[in-house]
Structure formats: C-alpha cells, structure tokens
Amino acid sequence: MSRLPLRPLLIGAAALVLVAGTVTLISRNQQSARPAATPDSAAQPRKLEAVSALGRLEPAGDIRKLAAPITGIGGSPRITELLVDEGQRVQAGQLLATFDTGPALQAQRRLLQSRIANLNDQVTLLGREIARYRQLAKAGATPAADLESRELTLVELKGNLREAQDELVKTEADLVNTELRAPFSGTVLKLQSRVGERPGDDGILELGASDQMEVIAEVYESDINRVQLGQRASITSENGGFSGSLNGRVIRISPQVRQRDVLSTDPTGDADARIVEVRLALDPVDIARVRTRAGLKTVIRFET
C-alpha cells in the first residue's frame, strides 16, 4: 500500500486551526462590544405615544331647530322680518322673526276689542233701564211684557259679549304664533330661511345654548382603550379658528363605534375609519373664547 504525502496533510490541518481561531476571536469581540442589559432597562415597558384625535366644538346645551307656526290651511306663513344674524347672542324671550299673518290678526284684535267695549256699554245701559222698568212694573205703571222683552234683550247681549271675549282670547293666542321668540338664551348657529320665504322642514334657524361649550372628539377605535373618564386634554384649532389652546376633560365616552364625521385635511387620511365619540367639557375660563365657534374643527391631544 502506498503512503499519502505527509506535507499536504500538515498544511491543511494548520489552515483549519487558523480559521477556527479567527471565528472564535470575532465572536468574543462582538459579545464584548454589545452593551450589557441592566435590570432597570429590561423592566421598563416602551412608553406609548399620546392619543390624538380630530373633533369639533359644540354647545353643551340644547341645539334646537325653531320652526314656523302652521296656519289654518296647513302651510307655513311667510317671514316678514328676520331680526337676528348667524353668530348673534340672544336672550330668552327675545324677538327673532315675524310672519305675514300678524297684520290681519292685529286688525281683528282691534275690531274685537271695539266690539267688546260697545257690548259692555249696551249691557250697562240696558241693565239700568231694566232696573227702572222693574220698579214701574211693581207699581203697575208699565206692562210686565215690556220688562220681559228688555230682560231677553239683555240675555242676548251678554251672550254676544261672551262670544266676542272668547274670540278675542283665540285671536290673542294666534297672535303669539305671528312672532318667533327665543325659547332660551343662546347663539344663533344657522339661518335656514330668509325674509319673504315660507320656511320648510328645516325651520327658520338653529339656536344653541352656548353658555357652556364642549368638544366632540372622534377617537380611533384602536386608541379608545387609552382614553378614560376624567382624563385631561389640550385642544387646538386645526385651521386657526382661535389662538393658543383650550383645556378640557373627558366627561363621556360613547358606547357606540361608528364612521367618522370630521374629515382631516390630509388627503391620505382614512375617510372610512371607525371611531368612538368622546365628549370633553371645556374649562370655564376657555368657554368665552369659543362661544361663537360652534362647529369649528379642532385637534385634541389627550394627556398620558
């Protein structure tokens, strides 16, 4: 049997030893360069970013659509005067608009008042005359039939008087519907009709009780678990509707998930995103700054 050459075998073994040593050295250097994990860094979780959402300003109280009265033929009267503008503050009972049914009813009221005054005078005079005839009839100076005739006339006059008085009450009630007055103090949010128009289903105007203002935030459903009652937040205007920021706190979280209403100006935003409505009460010192900004788009950042 022939022997293999010894020299090539020695050279190959030496090469293998050299490669293994190099790999071991590189591995040790990488391990020594890697920072050692401390107990504190391993225990601390990654800090979550604050939740942000788009929203809008709204009055905290009622928002009512004030409608025109219905006339006797089932239609709406025409507006003759509109005494307020959008954004105007009004007080409870303040006159907002008048309708074309007013002049005719006012004339009817004056006519009834004159008729009632005339009937009252007739009843008074006839009553005195009957009193005299009663004395004469007792003395036999006049026939009893004359007294009875006058008493029947008096009954008829009193009946006419009551009818006129009842008609006046109805006319006064109808006159109330010829004017639109504010049911509460607030701000005119939107005018739905103008002078000369017959208001439709949308009514005449929208009135909001804006003595208190709130923010409606639309929080993504993926973030809602990081929002809770009482949580503080800062509110800014997306388009510069007010300067600086407002402060608020969460007072209600809707139990319903739905499609968003407030759309971002970012064209890449998801218009079909699902959101949860979160209501925030503004701090009292901030309410006066935005009382006339109902519907303004806002950006809400919830504190962590």
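Tell me about the packing of aromatic side chains, and please be specific about residues and values.
Tallying each qualifying case throughout the model produces zero aromatic pairs. One residue, Arg150, lies across the ring of Tyr133, its end atom 3.9 Å from the ring centre.

Explain the sheet that holds strand β9 (residues 213-220) to me, using residue names and the numbers behind them.
Strand order in this closed barrel of six strands is β1-β9-β12-β11-β10-β13, and the pairing throughout is antiparallel. Taking each pair of neighbouring strands and ignoring which way they run, the sheet shows an average axis angle of 45°. In terms of strand pairing, β9 meets strand β12 (residues 274-282) through seven bridges, oriented antiparallel. From the neighbouring strand, Glu218 faces β12, where its bridge partner is Glu277.

Give me the pairing of strand β5 (residues 95-99): which residues, what numbers.
Sheet faces and side chains relate simply in a regular strand, where the side chains alternate between the two faces. Burial runs high along β5: four of the five residues are buried. The sheet contact formed by strand β3 (residues 79-82) and β5 spans three bridges and is antiparallel. Within the sheet, the bridge partner assigned to Ile79 lies in β5 and is Phe99. Judged from the three bridges that link them, β5 and strand β6 (residues 179-181) form a sheet pairing that is antiparallel. Residue pairing across strands places Leu95 opposite Arg181, the latter belonging to β6.

About the cut-offs
- Residues numbered from 1 in each chain as written.
- Predicted model: local features only at pLDDT ≥ 70, side-chain atom pairs only at ≥ 80, totals over all residues.
- Heavy atoms only, no water.
- Phe/Tyr/Trp six-rings, centres within 6.5 Å; stacked < 30°, edge-to-face > 60°.
- Lys NZ or Arg CZ within 6 Å of the ring centre and 35° of its normal.
- Pairing = 2+ DSSP bridges.
- Helix = DSSP H or I, 4+ residues; strand = E, 2+ residues; numbered from the N terminus.
- Axes fitted to C-alpha atoms, helices over the stretch in contact; angles between N-to-C directions.
- Buried < 20%, exposed > 50% of the residue type's maximum accessible area, 1.4 Å probe, protein only.

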